[in-house]
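# Coordinate analysis (summary)
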Amino acid sequence: MSLSKVINHGGREKRSLSKALLKSFSLVTATAIGCISIATSATAASFSFAFGSNGSGNGQFNNPFGIAVGSGGNIYVADTANDRIQVFNSNGVFQSTFGSKGTGNGQFQGSYGIAVGSGGNVYVADPFNNRVQVFNPSGVFQFAFGSQGSGNGEFENPYGIAVGSGGNIYVADTFNSRIQVFNSNGGFQFDFGNLDLSMPQGIAVGSGGNIYVADTASNSVQVFDSGGTLLFTFGSFGTGNGEFFSPTGITVDGGGKIYVADTENNRVQVFNPSGVFQYAFGSLGSGNGKFNRPSGIAVGGGGNIYVADTFNNRIQVFRTPEPSSIIGLGILGGGLVVRRLAKRG
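Sequence order as written defines the numbering, with residues in each chain counted from 1. Given that the model is predicted, a residue must reach a pLDDT of at least 70 before its local features are reported, and side-chain atom pairs must reach 80 or more before they are shown or counted; all residues, however, enter totals for whole chains, interfaces and linings. Heavy atoms throughout the structure, all of them, feed into the side-chain values; hydrogens and water do not.

### Re the packing of aromatic side chains
- Think of it this way: a Phe, Tyr or Trp ring, Trp meaning its six-membered ring, pairs with another when their centres are within 6.5 Å, and the plane angle makes it stacked under 30 degrees, edge-to-face over 60, tilted otherwise. Counted by the stated rule, this structure contains 28 aromatic pairs.
- Ring centres 5.7 Å apart and planes at 55 degrees place the aromatic pair phenylalanine 61 and phenylalanine 88 in the tilted group. Of the two residues, phenylalanine 61 is situated in the loop between β4 (46–51) and β5 (66–69) and phenylalanine 88 in strand β7 (residues 84–88); the sequence distance between them amounts to 27 residues. Residue phenylalanine 61 shares its accessibility class with phenylalanine 88, and that shared class is buried.
- Between phenylalanine 145 and phenylalanine 182, the aromatic rings sit 4.7 Å apart at their centres with planes inclined by 50 degrees, giving tilted as the arrangement. Of this pair, phenylalanine 145 sits in strand β14 (residues 141–145) while phenylalanine 182 sits in strand β17 (residues 178–182), and the two are 37 residues apart along the sequence. A single burial state applies to phenylalanine 145 and to phenylalanine 182, both of which are buried.
- A network of ring pairs unites the aromatic residues Phe47, Tyr279, Phe281, Phe291 and Phe318 as a single cluster.
- The criterion for a charge sitting over a ring is simple: Lys NZ or Arg CZ within 6 Å of the ring centre, and within 35 degrees of the ring normal. Here the basic side chain of arginine 293 rests over the ring of phenylalanine 311, its NZ or CZ set 4.9 Å away from the ring centre. Under the DSSP-based scheme used, a helix requires at least four consecutive residues in state H or I and a strand at least two consecutive residues in state E, with every element numbered from the N terminus. Three exposure classes are used, based on accessible area relative to the maximum for each residue type with a 1.4 Å probe and protein chains only: buried under 20%, partly exposed in between, and exposed over 50%.

### Let's talk about the pattern of salt bridges
- Salt bridge, as applied in this entry: a Lys or Arg side-chain nitrogen positioned within 4 Å of an Asp or Glu carboxyl oxygen. Overall, the coordinates contain seven salt bridges when judged by the stated rule.
- Arginine 131 is the partner of aspartate 126 in a salt bridge, and the nearest nitrogen-oxygen pair spans 2.8 Å.
- As a salt-bridge pair, arginine 314 and aspartate 309 come within 2.8 Å of each other at their nearest N and O atoms. As far as burial versus exposure is concerned, arginine 314 and aspartate 309 are alike and both buried.
- When salt bridges with common partners are traced through the structure, they connect Asp173, Arg178 and Asp191 into a single cluster.

Following this line, the structure appears as structure tokens:
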């Protein structure tokens, strides 16, 4: 049915929107008496584009696990089995790379988690060297911290990393089953989660300071306040909506929505700020919008969702759901006019 209809109550002929079409609309605002805006609803993210292939050349990947997006729109990928970081522009065009295999400064033994601070510094979880490395925006090594162990500031295979707005660095100390917090210089501040977490791999910090952890072995997401006090948990083992099978990546957008890379279920699940399931997308495969063990996830400007499709050796980019069109209703003369005002391209 056309979205442009006239219902003339003053004449014999009447037309109306079908029940099915009406059900697809959600009322968003009344702009004036007799004038209402209605937006069609959308329920899942849509595939936008992908980049990368298997290999060791520029723009190629070998099991990329981590991904982050900088404030300027550049995409940073932890190209794990190639022991390096690759940087792309917002369209997925290769820009630069840094890192190599080893134990020296600027070298990695499986680059895994990655985060970008507000000033552009790049933070990398180097799990098999049991440390975090920090680079400037050009990829030049700045400093490292951490060593193997279970004491304060020591790690056992740290996989996830995040940076808060105040500059604190949050590390998922995976095999120690805890989160450690450091200041911007790598100085230990405190740890938490020892009694709550089980092999956490993903971590994110929301704009309000809450800390979100993909707790991989417990198949759940745990949410803590900025001081490390547990606020709530959601998720359990399974394949249904809101259930997980080894979640590894997590991120939070500016509105508080939580995005989880549900790795062994080969999908991404999205939750509201309270942990209530909203929608999911993805299934096992190699086509557009399909995954083979997605691990890292990030959100950027314009509502884009970036997913490290690890075993497909590529990055996939999706657009978040938004109203597909806006319908204006106004009373003109004796009739009700419905017309399309806008449509997402």
